[in-house]
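# Residue-level structural notes
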Amino acid sequence: MEYKIADIEAAFEGQILQKTGESDYTIKINDKQHTLKILKMNTRGIEFVLDSHVHTVKYLDAGTAHMKMVVDGTPFAVNMHHSLNEIVYKNSGGGDSGDAQTALHSQIPGKVVSVNVSEGDSVKKGDVVCVLESMKMQVSIKSHKDGTIKKIKVKPAASVAKNDILAEIE
């Protein structure tokens, strides 16, 4: 993710190395390993512990390319890089998951904004199946393989949890 705060530009590369508990992770940010525990997360913000330090983020306003937030009491305007859709796509069964998997899972909790396909529709790998809103950001959930939509499991305005099945693709 890349971001710009005021006139300061910075970028960081992060990844989840291991899930160590229900809400506990070992992560790596810019080649340094950290422990992360999610305490609370919803559409208004997130509270987490990073390396024994508690942090609170409150989301104020979000567009497609920016987000205004308050982090530990300090306001920030963050310009987001548009790689979030690709990250969600890879983590929801896209990329190297293989063609055997029929279920398209949500990797994030959120609200269904739109369903872009119908049962019986043909889709190609990377086609948008539905759009979710999570933490005031819209994320396109893309097909992880070529196939036919066998079953749509969600409707617009429905809430979904992480790992819920959104659709079945044969």
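Residues numbered from 1 in each chain as written. Predicted model: local features only at pLDDT ≥ 70, side-chain atom pairs only at ≥ 80, totals over all residues. Heavy atoms only, no water.

### Digging into unusual backbone geometry
Basically, it comes down to this: Remark: exposure states derive from per-residue accessible area (1.4 Å probe, protein chains only) relative to the maximum for the residue type, with buried under 20%, exposed over 50%, and partly exposed in between.
The phi torsion at Asp-51 lies on the positive side, around 50°, for a residue other than glycine. Judged by its relative accessible area of 28%, Asp-51 falls in the partly exposed class.

### Comments concerning the pairing of strand S11 (residues 110–115)
This is how the line gets drawn: Paired strands, as defined in this entry, are two strands with at least two bridges between them according to DSSP. To qualify as a helix, a DSSP run of H or I must reach at least 4 residues; to qualify as a strand, a run of E must reach at least 2; elements of each kind are numbered from the N terminus.
Looking at chain direction, S11 and strand S16 (residues 159–160) are connected through two bridges and run antiparallel. Along S16, the bridge assignment pairs Gly-110 with Val-160. With four bridges joining them, S11 and strand S13 (residues 128–134) adopt antiparallel strand pairing. Its bridge partner lying in S13, Val-115 is registered against Cys-130.

### Structural notes on the side chain of Glu-168
Cut-off, in case you're wondering: Any N or O atom pair separated by 3.5 Å or less is treated as a polar contact, with the protein-specific requirement of one donor-capable and one acceptor-capable atom, and with residues adjacent in sequence counted only for side-chain atom pairs. The contact definition used throughout considers only heavy atoms, calling two residues in contact when any of these lie within 4.5 Å.
If you trace the backbone, Glu-168 turns up in strand S17 (residues 165–169). Of the polar contacts made by the side chain of Glu-168, one reaches the side chain of Lys-153; its length is 3.3 Å. Contact partners of Glu-168, with chain neighbours within four places excluded, come to Thr-102, Thr-148, Ile-149, Lys-150, Lys-151 and Lys-153.

### With respect to the side chain of Thr-26
Following the sequence through the fold, Thr-26 ends up in strand S4 (residues 24–29). Other than its neighbours up to four places away in sequence, Thr-26 contacts Ile-16, Leu-17, Gln-18, Thr-20, Gln-33 and His-34.

### Thoughts on the sheet that holds S13
Pairing is antiparallel in the open sheet, where four strands are placed in the order S14-S13-S11-S16. The outermost strands of the open sheet, each flanked by one partner alone, are strand S14 (137–142) and S16.

### Comments concerning the environment of Pro-109
Its location among the elements puts Pro-109 in the loop between strand S10 (103–105) and S11. Apart from residues no more than four positions distant in its own chain, Pro-109 is found in contact with Met-41, Glu-133, Ser-134, Val-160, Ala-161 and Lys-162.

### Some points on the confidence of the model for the chain
To keep things clear, this is the line we draw: Confidence of the predictor in every single residue is expressed as pLDDT, which spans 0 to 100.
In the predicted model, the chain carries a mean pLDDT of 78, and the fraction of residues at 70 or more is 75%. Across residues 1–7, confidence stays below pLDDT 50; counting only partners more than four residues off in sequence or on other chains, it has 20 contacts. Low pLDDT, under 50, characterises residues 82–100; the predicted model gives this stretch 26 contacts beyond four residues in sequence or across chains.

### Details of the nonpolar core
Within soluble globular proteins, side chains that are nonpolar generally end up buried alongside one another. Rules: Definition used in this section: a nonpolar core is a set of buried Ala, Val, Leu, Ile, Met, Phe, Trp, Tyr and Cys residues joined via side-chain atoms within 4.5 Å.
In this structure, Val-117, Val-129, Leu-132, Ile-141, Ile-149, Val-160 and Leu-166 are the most contacted members of the largest nonpolar core, which totals 17 residues. Elements supplying a minimum of two residues to this core: S13, S14, strand S15 (147–152) and S17. Residue contacts for Leu-166: discarding those within four places in its chain leaves Leu-104, His-105, Ser-106, Cys-130, Ile-141, Ile-152, Lys-153, Val-154 and Val-160. By size, the runner-up hydrophobic cluster in this structure holds 10 residues, among which are Tyr-25, Leu-36, Phe-48 and Met-67.

### Side note on the sheet that holds strand S12 (residues 122–123)
Strands belonging to one sheet form pairs held by backbone hydrogen bonds; the direction of such a pair is parallel or antiparallel. Pairing is antiparallel in the open sheet, where four strands are placed in the order S10-S17-S15-S12. Looking along the sheet, the strands with just one partner apiece sit at the ends: S10 and S12. Pairing analysis gives three bridges linking S10 to S17, with the strands arranged antiparallel. Note on S17: the bridge partner recorded for Leu-104 is Ala-167.

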